[in-house]
Structures are given as C-alpha cells and as structure tokens.
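Residue-level structure breakdown
Each chain, letter by letter, is given below.
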Amino acid sequence: MINHELAACWEMCCEAVGIDTDATAAEWREAYEAKRAQVRREAAAKALREAADEWTQGKWSEVPRMADRLHERIETANYVGNFLRARADRMEAKK
C-alpha cells in the first residue's frame, strides 16, 4: 500500500531539487549527486567568502595598533643601534 502523504512529500522534495520523479534509479542517483555537489560547492564558497570578510574586517581594525607597535619597534631598534655605535665610538676613543 502506498502512503500518499509520503509520496506527495517525496515528489515535493524531488521538484525542489529539480529531479524528475519518473527517472530511473540510476538517473535519479546521478541527478541527486550532481545537485548535492552543487549545493556543497555553493555552501563552501559562501563560507569562504564569509571567512574572508571576517578576516579582512578583523585585520583592518588591527592595522592602527600594528602600525603603532611597528613604529615603536623601529624606534627601539634605532635607539639600540645608536647606543651600540656610541659605545663603539667611546671604546675606540679610549685607545
């Protein structure tokens, strides 16, 4: 006995994903797998775009702080370099 409610749901699902309900099992499986792969690709592409947006937004908000830290590191490196040169100059002057 056919469950008409189940059959109607099956047909609605097939129509929603674009599968011909009169297709053979092999054709149905091929169409199903193709549609499934397409849905996965679209979901993966969307997830990648969202991750890229989050990454970009997060990193752009950090740029001012990163620039300040980089500037501080450059100043520190210049200070240390000048200190070492001055120390070397003093050592040479003592000779």
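Above: the structure in question.
Let me sum up the structure you'll find in this document. Bear in mind the structure is a predicted one, so any value in this text is a computation, not a measurement.

With that settled, the discussion passes to the overall build of the protein chain. Secondary structure assignment for the protein chain yields 2 helices and 0 strands. Here the protein chain, with 95 residues, has 3% of them falling under the buried criterion. Summed over all atoms, the accessible surface of the protein chain reaches about 8800 Å², with 58% contributed by carbon and sulfur.

This brings us to the state of the cysteines. Tallied over the full model, the rule gives 0 disulfides. Summary of cysteine pairing: C13 is not part of a disulfide, and the nearest cysteine sulfur, belonging to C9, is at 6.6 Å. With no disulfide of its own, C14 lies 6.9 Å from the sulfur of C13, the closest cysteine sulfur.

A cluster of nonpolar side chains, namely Y79, V80, F83 and L84, defines an oily patch on the protein surface of about 440 Å² accessible area. Relative to the helices and strands, L84 resides in helix α2 (residues 25-93).

Further remarks concern helix α1 (residues 4-17). With 14 residues, α1 extends 20 Å between its outermost C-alpha atoms, agreeing within 8% with the 20 Å of an ideal straight helix rising 1.5 Å per residue. Directly beyond the C-terminal end of α1, a positive phi value near 80° is found at G18.

Rules and cut-offs
- Residues numbered from 1 in each chain as written.
- Predicted model: local features only at pLDDT ≥ 70, side-chain atom pairs only at ≥ 80, totals over all residues.
- Heavy atoms only, no water.
- Helix = DSSP H or I, 4+ residues; strand = E, 2+ residues; numbered from the N terminus.
- Buried < 20%, exposed > 50% of the residue type's maximum accessible area, 1.4 Å probe, protein only.
- Areas by Shrake-Rupley, 256 points an atom, 1.4 Å probe, with all protein chains shown as cover.
- Disulfide = S-S within 2.5 Å.
- Patch = residues over 30% accessible without salt bridge, like charges linked within 9 Å, V, L, I, M, F, W, Y side chains within 5 Å.
- Salt bridge = Lys/Arg side-chain N within 4 Å of Asp/Glu carboxyl O.
- Expected span 1.5 Å × (residues − 1).

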